[in-house]
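Secondary and tertiary structure notes
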Amino acid sequence: MNETKPILSPCRSCKKMVCRTHGRDCYNVRDDSKDVYLGSKEILANAKAASALVDNGRAGQLNRIEEIIEFCRERLFQTVGVAYCFGIKNLAMEFCQILENAGFNTVPVSCTSGAVMEREIDSQKQGDVVSCNPAGQALVLNQKKPDFVVEMGLCLGHDVIFHETLMLPFTVLMVKDRTVRHHPASLFFGYEDLNTAFLKGLDDSFAMKSPQWLFERLTEVPKLLTIIDFRSAEAFQKAHIQGSMNMLLKELPNRLSELDRHKATICVCNGSVQSAYGIMFLFSRGFGDVHNLSGGFSRWQRDGFPSEASSQ
């Protein structure tokens, strides 16, 4: 096998990002680039909308779904097409619901739209097996003409066909990688995943907050808190912290839509063990301000802080 030599590129050897730090045009494309932006109102509008997502300290404040919503609002888009793989239809429908809750119309289109048989495009195939049809998927969207398209989980190769056929502006929300649950960035050694970031960000108290701290927050800013109690329904009914919501830890993934990621979230169990798993899971789902009640509800009661019982 012949050794592959990398194509010479200033970016490969650059250690100081001189284009960004010193305004150096290593590829001689500055003037042509300006012509692209200034020669198209659509491209210039996209550039301005993209800037609005990161300017004024907003970089890192929005997750990708929130960015898509804000981008579409900046562009005054009303209808969003969602091109998805049939294998993740449940996720695509959830995404459509999020968009609709944000005030957009949606046009979801599956990769099997058109019902093309495998044998019709590949003479070596036999039988009546429906083929993935990214070309048809793009054609449907070209006909429906949504303002914007979001691609979700198309297989490699299928996405290339989809891109070549689609005649609308689009972005990619997720790519297909079954081996790492559609998260290919985790394959890089240099990538710091959310669990690592969570552990590095822990202070000496390991995100524990005392009952006194929680009591003071409940007194001062109760509407800015979400308290999740992971104890059993029976224990919760007997006594719980005022304003808390009850769910089992295993129910948390399916009840995320009930939570507000912009509020401080305090997890409570009987002794602060299950709640530790709860705050790690919430952090991995984009909840930044998460805390564990030190000693759990048993310490809350032991220290004499008020609780209430559920009405029967």
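Scroll up to find the structure.
Here's a quick rundown of the structure. Within every chain, residues take consecutive numbers counted from 1 along the sequence as written. Local features in this predicted model are restricted to residues of pLDDT 70 or higher, and side-chain atom pairs are both shown and tallied only at a pLDDT of 80 or more, whereas totals for entire chains, interfaces and linings draw on every residue. The basis for every side-chain value is the complete set of non-hydrogen atoms in the structure, without hydrogens or water.

1. Structural notes on the sheet that holds strand E7 (residues 245-246)
Here we have five strands laid out as an open sheet, ordered E5-E9-E8-E6-E7, and parallel in their pairing. Every other strand in the sheet has two partners, leaving strand E5 (208-209) and E7 as the edge strands with one partner each. At least two DSSP bridges between two strands are required for those strands to pair. Numbering goes from the N terminus for both helices and strands, where a helix is a DSSP run of H or I of at least four residues and a strand is a run of E of at least two. Bridging between strand E6 (residues 225-229) and E7 involves two bridges; their strand directions are parallel. Opposite Asp-229, over in E7, you have Asn-246 as the bridge partner. Across the sheet, helix H11 (residues 211-220) lies against E5, E6, strand E8 (264-268) and strand E9 (290-293), angled at about 130 degrees from E6, the strand it touches most. Set on the sheet, helix H13 (residues 274-284) makes contact with E6, E8 and E9; between it and E9 the angle comes to about 180 degrees. Contacts are assigned to residue pairs that have any heavy atoms within 4.5 Å of one another. Axis definition: a line fit to C-alpha positions, over the contact stretch in the case of helices; interaxial angles, taken between N-to-C directions, run 0 to 180 degrees.

2. Observations regarding a nonpolar patch on the surface
Note on patches: the residues involved have over 30% relative accessible area and no salt bridge, like charges join within 9 Å, and the nonpolar side chains Val, Leu, Ile, Met, Phe, Trp and Tyr join within 5 Å. For every accessible area listed, the method is Shrake-Rupley and the probe measures 1.4 Å; residues are considered covered only by the protein chains on display. We define a salt bridge as a side-chain nitrogen of Lys or Arg found within 4 Å of a carboxyl oxygen belonging to Asp or Glu. A cluster of nonpolar side chains, Val-36, Tyr-37, Leu-38 and Ile-43, forms an exposed patch at the surface whose accessible area comes to about 390 Å². Examining the composition of the nonpolar patch, we find that three residues originate from one element, helix H3 (residues 30-38), more than from any other.

3. What to know about the environment of Asn-46
Structurally, Asn-46 is set in helix H4 (residues 41-54). For the pair formed by Asn-46 and Arg-75, sequence separation is 29 residues and the distance between their alpha carbons is 7.4 Å. With sequence-adjacent residues up to four places away left out, Asn-46 is seen in contact with Phe-71 and Arg-75.

4. Some points on the side chain of His-240
Mapped onto the elements, His-240 comes out in the loop between helix H12 (233-238) and E7. Three labels apply to residues, based on accessible area from a 1.4 Å probe with only protein chains included: buried if under 20% of the type maximum, exposed if over 50%, partly exposed otherwise in between. Looking at His-240, the relative accessible area reads 5%, which means it is buried. Of note is the side chain of His-240, whose polar atom sits 2.7 Å from the backbone oxygen of Phe-236. In contact with His-240, other than residues within four places in its own chain, are Asp-229, Arg-231, Phe-297, Ser-307, Glu-308, Ala-309 and Ser-310. Under this definition, polar contacts are N or O atom pairs within 3.5 Å; protein pairs additionally need one hydrogen-donor-capable and one acceptor-capable atom, and for neighbouring residues in sequence, both atoms have to be side-chain atoms.

5. Side note on the pairing of E9
The two faces of E9 match: Val-290 and Asn-292 on one face and His-291 and Leu-293 on the other face are all buried. Looking at chain direction, E5 and E9 are connected through two bridges and run parallel. The residue of E9 that forms the bridge with Met-208 is Asn-292. Here the term right-handed applies to a crossover when the path leading from its first strand over the helix to its second strand runs clockwise, the strands being oriented away from the viewer. Chirality of the crossover, the property in question, places the unit of E8, H13 and E9 among those that are right-handed.

Shape descriptors only; they carry no functional weight alone.
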